[in-house]
Amino acid sequence: MASKIVVTGLGWSTPFGCDLDQAFDALFNGKTATFRTQNINLDGLYCQVSAQIPRNEAIFPFEKWQKELPGNKASMFTIFGLEAAERALLDAKLIDQEGGYVDQNLKIGVVVGSGIGGLEDHFNTSQVILEKGANRVSAFYVPAALINLLPGHIAIRHKIKGPNQSQVAACSTGAIAIADGARMIVEGRCDIMVVGAGEASIGRLGIAGFCALRALASGYNDNPQQASRPFDKKRSGFVMGEGAGILILESEESAKRRGAKIYCEYLGAGLSNDAYHMTSPCADGAGAIAAISDALYWSKKTPNQVQYINAHATSTGLGDAAEMSAIKFIFGDCIEKNSFAVSSIKGAIGHMLGAAGSVEAVATILSLHKQKLLPTINLEEPDEFAYHNDKLINLVPNNGIEASLDCVMSTSFGFGGHNVALVFGRY
Amino acid sequence: MDIKNMQEAELKAAIKKVMQDNFGLSDIADDADFIKDLKIDSITRMELLLKLEDEFGVRVEDNDAQNMLSVDATAQLLKKIAG
């Protein structure tokens, strides 16, 4: 049984690039990646805004992956996940080059999911059937669209032969994958786990589906950079993002044995379900309260020991309000004592759906590691719910700040009522 | 593309172009075995069949497709099917 679990590697694919520092700096400096959606026909849909990873080699190595997995062999959520995983494995020095194999003596596994997987593959393949006939379907369609082919490809590329599985839990997928991966180490099945999620659902079908739910931001097509505005009075829904976030979790013993760089300690996770509604959170935040309390219990922390929460904060009215009421319920005293901050990076990079939880976990860990809080951008007039007894919660508005951090939390909530809170501590 | 009016060399070049454009396979010898030499897996061979059928406007029976194991063999088969 592992006494402590630490984080020894990080990787991400974001609209600001895949370099950890470069993308963190963009977030810290309040940059935004929400623009009018490029190269996708969104005629007739009210939301034209998204946070795409620009199809630009300077941002993401599309050509590298086209060479590795040519001809639609892998879906884009898998490619974003593969790049993030490769970078995390390199960062942890578990491989020494791109495409390298892990040491076959290590007990290592993979838990990497996706909220929706190959949504655009389903759409494009359906088009082929309608236009050309059912016998024209690509042989790559099924294996490309399957969510578990993301962890499958990570295993194939890096020869990782331990436990391997996917999580699917809508917008809390990445966070649940981290929690489940950690349990593999607690149980002693593995010493090292590759955990996280990838998502690429910005397409005609994906945007249309969330437009139908009226979940996406309205009224910002002409000023898309202001569309994603967590906690702000003028928010009107979320902006869809895409990308991947991968962490390397490792037992302290294994990390020390390898002489690995340690970012922080993974302290624990809280898990709950609203048991209330398909898409709406309970208005009083009861499900979120349960997950956050559970996370504190397993982490052996009290509320006043947590200095920062990287909130799920999708910029939707119901979601933001429910989460804030949960945070105020648990951290009320801390808010009054001024020793506490809450922010969301979704204003900058939108909502990556299944990947959001793990990308935000990477951002939260980097915040802890660098002692810098990332800002909530587009925050002009905070909503009433951001006040606790007339005191405005520190939402780190618009500019990043230096901070002294020992213990931080990242929350994720998904359709289906899935609630997750992860806690990380300074090592 | 109309196979009937194509020279053999032209047809082989067209097959190789399909393999290059879709699967990044280059410098393929006419007699290289798709499985033994080029290590093309079975899914990719199914996909290649689909791409060739679309490119040349033909349909290949599954029994015949099993013999598409080199550029030479593929060209001969396509010629035969096109009549």
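Scroll up to find the structure this text is about.
Reference entry: report on the structure contained in this document. (Residues numbered from 1 in each chain as written. Chains lettered and ligands numbered in written order. Predicted model: local features only at pLDDT ≥ 70, side-chain atom pairs only at ≥ 80, totals over all residues. Heavy atoms only, no water.)

**Digging into the interface of chain B and chain A**
Test applied: Residue contacts follow a heavy-atom distance rule, with two residues in contact if any of their heavy atoms lie within 4.5 Å. Two parts placed together each lose some accessible area; with a 1.4 Å probe, that loss summed over both constitutes the buried area. Salt bridges are identified by distance alone: a Lys or Arg side-chain nitrogen within 4 Å of an Asp or Glu carboxyl oxygen. What qualifies as a polar contact is a pair of N or O atoms within 3.5 Å, subject to a donor-acceptor requirement within protein and to the restriction that residues adjacent in sequence count only when both atoms come from side chains.
Counting residues at the interface gives twelve residues for chain B, matched by eleven residues for chain A. Between chain B and chain A lies a buried interface of about 860 Å² when both sides are counted; carbon and sulfur atoms form 52% of it. Our enumeration of links across chain B and chain A arrives at two salt bridges. Between B:Glu53 and A:Arg136 there is a salt bridge; the shortest N-O distance is 2.4 Å. Our enumeration of links across chain B and chain A arrives at five residue pairs in polar contact (both at pLDDT 80 or more).

**Structural notes on the sheet that holds strand β7 (residues 240-241) of chain A**
Residue and element names in this part refer to chain A. How we decide: Strand pairing follows a simple DSSP-based rule, namely that at least 2 bridges must link the two strands. For helices the rule is a DSSP run of H or I covering at least 4 residues; for strands it is a run of E covering at least 2, with both sets numbered from the N terminus onward.
Sheet architecture is open: three strands sit in the order β2-β3-β7, paired in mixed fashion. Sheet topology places β2 (35-36) and β7 at the edges, where each strand pairs with a single neighbour. Alignment of β2 against strand β3 (residues 49-51), held across two bridges, turns out to be antiparallel. Bridging across to β3, arginine 36 finds its partner in valine 49.

**Observations concerning the pattern of salt bridges**
Residues and elements named next belong to chain A. Defined as follows: The rule is simple: take the accessible area with a 1.4 Å probe, protein chains only, and divide by the maximum for that residue type; under 20% is buried, over 50% is exposed, in between is partly exposed.
Inspection of the entire model under this criterion finds 32 salt bridges over all chains. Note that glutamate 86 and arginine 157 form a salt bridge whose closest N and O atoms lie 2.7 Å from each other. With a gap of 71 residues between them, glutamate 86 in helix α3 (residues 76-91) and arginine 157 in helix α6 (residues 149-158) connect regions that are remote in the sequence. On the accessibility criterion, glutamate 86 (1% relative accessible area) is buried. Each member of the salt-bridge network shares a partner with another, and the members are Lys64, Glu68, Glu83, Glu86, Arg87, Glu98 and Arg157.

**Quick look at the nonpolar core**
All names here are of chain A. Basically, it comes down to this: The definition of a nonpolar core used throughout is a set of buried Ala, Val, Leu, Ile, Met, Phe, Trp, Tyr and Cys residues joined through side-chain atoms within 4.5 Å. Domain delimitation follows an automatic or database domain assignment.
In this structure, Leu10, Trp12, Leu247, Leu249, Tyr266, Leu422 and Phe424 are the most contacted members of the largest nonpolar core, which totals 55 residues. Two domains each provide a minimum of three residues to this core, namely domain 1 (5-264) and domain 2 (269-425). Among residues more than four places away in sequence, those in contact with phenylalanine 424 are Val7, Leu247, Cys264, Glu265, Tyr266, Leu267, Ala361, Ile365, Leu368, Asp406, Cys407 and Val408. Residues Phe60, Val102, Val110 and Ala200 belong to the second largest nonpolar core, which totals 31 residues.

**Regarding helix α1 (residues 20-28) of chain A**
Residues and elements named next belong to chain A. Leu20, Ala23, Phe24, Ala26, Leu27 and Phe28 are the residues of α1 that are buried. Elements that come into contact with the buried residues of α1 comprise β1 (5-13), α3, α12 (346-349), α13 (356-370), β12 (372-373) and β15 (401-402). At the N-terminal boundary of α1, the capping side chain belongs to aspartate 19, with an oxygen 3.2 Å from the backbone nitrogen of aspartate 21. Backbone geometry just after α1 places glycine 30 at a positive phi near 75°.

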